[in-house]
Structure formats: C-alpha cells, structure tokens
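Below are the chains, spelled out letter by letter.
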Amino acid sequence: MTQPKKDDVKSALVVSAHSADFVWRAGGAIAKHTQAGYAVHIVCLSFGERGESAKLWRKGNMTEEIVKASRREEAMAAAEILGATVEFFDMGDYPLRADKESLFRLADVYRRVQPHFVLTHSLKDPYNYDHPMATHLAQEARIIAQAEGYKPGETIVGAPPVYCFEPHQPEQCDWKPDVLLDITDVWDKKYQAIQCMAGQEHLWEYYTRVAQQRGVQAKRNVGITSTKNIVYGEGYQSLFPRVTEDLA
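About the criteria used
Residues numbered from 1 in each chain as written. Predicted model: local features only at pLDDT ≥ 70, side-chain atom pairs only at ≥ 80, totals over all residues. Heavy atoms only, no water. Helix = DSSP H or I, 4+ residues; strand = E, 2+ residues; numbered from the N terminus. Rg over C-alpha atoms; globule rule 2.2 N^0.38 Å. Buried < 20%, exposed > 50% of the residue type's maximum accessible area, 1.4 Å probe, protein only. Contact = heavy atoms within 4.5 Å. Areas by Shrake-Rupley, 256 points an atom, 1.4 Å probe, with all protein chains shown as cover. Lys, Arg positive; Asp, Glu negative; His and termini not counted. Charge placed at Lys NZ, Arg CZ, Asp CG, Glu CD. Expected span 1.5 Å × (residues − 1). Pairing = 2+ DSSP bridges. Axes fitted to C-alpha atoms, helices over the stretch in contact; angles between N-to-C directions.

## Looking at the overall build of the chain
Moving on, step 1. Per the secondary structure count, the chain includes seven helices and seven strands.
Moving on, step 2. Counting from the amino terminus, helix and strand elements in the chain follow one another as β-α-β-α-α-β-α-β-α-β-β-α-α-β.
Moving on, step 3. Whereas a compact globule of 248 residues would reach a radius of gyration of roughly 18 Å, the chain reaches 18 Å, a difference of no more than 12%.
Moving on, step 4. The burial tally for the chain puts 49% of its 248 residues in the buried class.
Moving on, step 5. Across the chain, the fraction of contacts at a sequence separation of at least 24, relative to all contacts at a separation of at least 6, is 76%.
Moving on, step 6. Summing over all exposed atoms, the chain offers an accessible surface of approximately 12900 Å²; the carbon and sulfur share of this is 52%.
Moving on, step 7. Here the chain holds 29 positive side-chain charges and 33 negative ones, and the gap between their average locations is 3 Å.

Below, the structure written as structure tokens:
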C-alpha cells in the first residue's frame, strides 16, 4: 500500500485535563483514527496528581513528584498503545488554572498539529471543575490559533470541529451525545490502554460498561436489522454545526 505523503496525513488533537481522561473517554476514537492513518496528538494539561491519584497516595511515603512520575508513565504507555503522541503541560490539578502563557502554548500546539478535529471535555461538570476549564482553554486556544494577528506569518488554523467526550455523569453535566462512534474493532486496544491506568483501577469496569451501553445505542441507531456488528461505542457532543452538502 502506498504511504501517504506527510502533507496528506490528517491529524487530530485531544485536550485532556488530566493524564487519564483521554483514555477513559476517547481511547477508542484515538485508536480508530491512528489505525486509519491519522496523526493524533494528546495534550495532558495536568497529571491529576492531587485529585485523581488516591490509590497512589494511600500507599504512603508519597510526594507530588513521585505521583506525577507514575501518572506520566501510565499516560505515555497508554498513548503508545493507542498509537498517539502525547505531551504534558504540568499545570496542576484541583484546581487546574490557566495563565496567558499556557493559553498561548496550547495555541502553538494547534498551529503545529493543524488538527482536522478536536476532542475535549464537556462544557459543564459540577463534580470536577478542571474538566470544563480544559474545554474553555481548548476553545480559546483554537480561536487564538485562527487569528491572523497572532504570530503573523505562521500558518493559521482553520475551523476544526470540536467534540466533547462523555463526562463521568452525563445527566448532571447537560451533556447529550449527537455522535455515536463504533469502536468495536479497536476495543481491545482501548482496554489495553485502560489497564495502563493502574492508579485508577476502580474505573476499568465502569468504562467497559459505558462502552457497551454506547455500543447498544449505536446499534439501535443504525437499525436493529443492520448486519453491522456494533458491540462497543463512544459518545460525543459536537459544539459547532456540521456543514455539509449531503444529509445522507
């Protein structure tokens, strides 16, 4: 098979508040698109060292630096399984806060990656304020990366669609999926990546059930008589209208 030229390779950007979020919520999409030839890049804004690493802290004799190192190792292993690249901003968590430097840094990632689509968190999450903070940062950085006056002479970003992946309790987050992605053929990869998240083993089974539920819903939406075998799925909520010439 002829390999695509570098300029022809499509790309995607995933903005993850914490170093495990991209695995639970978008691991299937990442694996599916890297398998299709996309270059997928993940930005982890923090390691989730304070609020999402309870199992590590309970071991005792822990420091933030030790926890961060463990979380980095887990995320890098998961990204490798999914076929993506990953970088870490180390902005802290609980709370995650962004300054102008971090915002510009993410805008620079947009410019570098030139994503064809973006995945990030829901707009609301009353259980974890770091998540919508990441979403707003991802959106604002996208706007800056589109601006001709930001670092004039660089190639600006177009208008990549932004999809919000599923929060832990969607009903409480005003999140309603309008896209159901079939990840059946890459589920094994996603589950391998999930198993890298040793610090949050209690979530492995939960996100397996979520994937199965979305798979059932996807199957129902393509028609129960369809021969397409959908077992696992992921849900996404789009932020912008889809522009098309064909509604089929």
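Now, onward.
## Here's the deal with helix α4 (residues 100–113)
Moving on, step 1. Relative to the 20 Å expected for 14 residues at 1.5 Å per residue, α4 spans 20 Å between its end C-alpha atoms, a close match to the ideal helical length.
Moving on, step 2. Burial in α4 covers these residues: Ser102, Leu103, Leu106, Ala107, Val109, Tyr110, Arg111 and Val113.
Moving on, step 3. Tucked into the core, α4 has its buried residues touching β1 (11–16), β2 (39–44), β3 (85–88), β4 (117–120) and α5 (130–146).

## Things to note about the environment of Val186
Moving on, step 1. Summarising the element assignment, Val186 is placed in the loop between β6 (179–182) and α6 (187–194).
Moving on, step 2. If near-sequence neighbours (up to four positions away) are discounted, Val186 is found in contact with Gly28, Ala31, Lys32 and Gln35.

## Examining α5
Moving on, step 1. Given a rise of 1.5 Å per residue, 17 residues ought to cover 24 Å, and the 25 Å separating the end C-alpha atoms of α5 matches this to within 8%.
Moving on, step 2. Most of α5 sits out of view: twelve of its 17 residues are buried.
Moving on, step 3. When we look at burial in α5, the residues that qualify are Asp130, His131, Pro132, Ala134, Thr135, Leu137, Ala138, Gln139, Ala141, Arg142, Ile144 and Ala145.
Moving on, step 4. Buried positions along α5 lie against β1, α1 (21–35), α4, β4 and β5 (162–165).

## Considering the environment of Gln172
Moving on, step 1. Positionally, Gln172 belongs in the loop between β5 and β6.
Moving on, step 2. When sequence neighbours within four positions are dropped, the list of residues in contact with Gln172 reads Pro126 and Tyr127.

## Some details on the sheet that holds β4
Moving on, step 1. Spatial ordering of the open sheet is given by β3-β2-β1-β4-β5-β7-β6, a layout of seven strands whose pairing is mixed. The outermost strands of the open sheet, each flanked by one partner alone, are β3 and β6. Averaged over all adjacent pairs, the angle separating strand axes in this sheet is 25°, with direction ignored.
Moving on, step 2. Taken together, the three bridges between β4 and β5 define a ladder with parallel strand orientation. Pairing of Leu119 across the sheet is with Tyr163, part of β5.
Moving on, step 3. Against the sheet, α1 contacts β1, β2, β4, β5, β6 and β7 (233–238), and its axis sits at roughly 100° relative to β7.
Moving on, step 4. The strands touched by helix α7 (residues 204–222) are β6 and β7; relative to β7, the strand with the most contacts, the crossing angle is about 75°.

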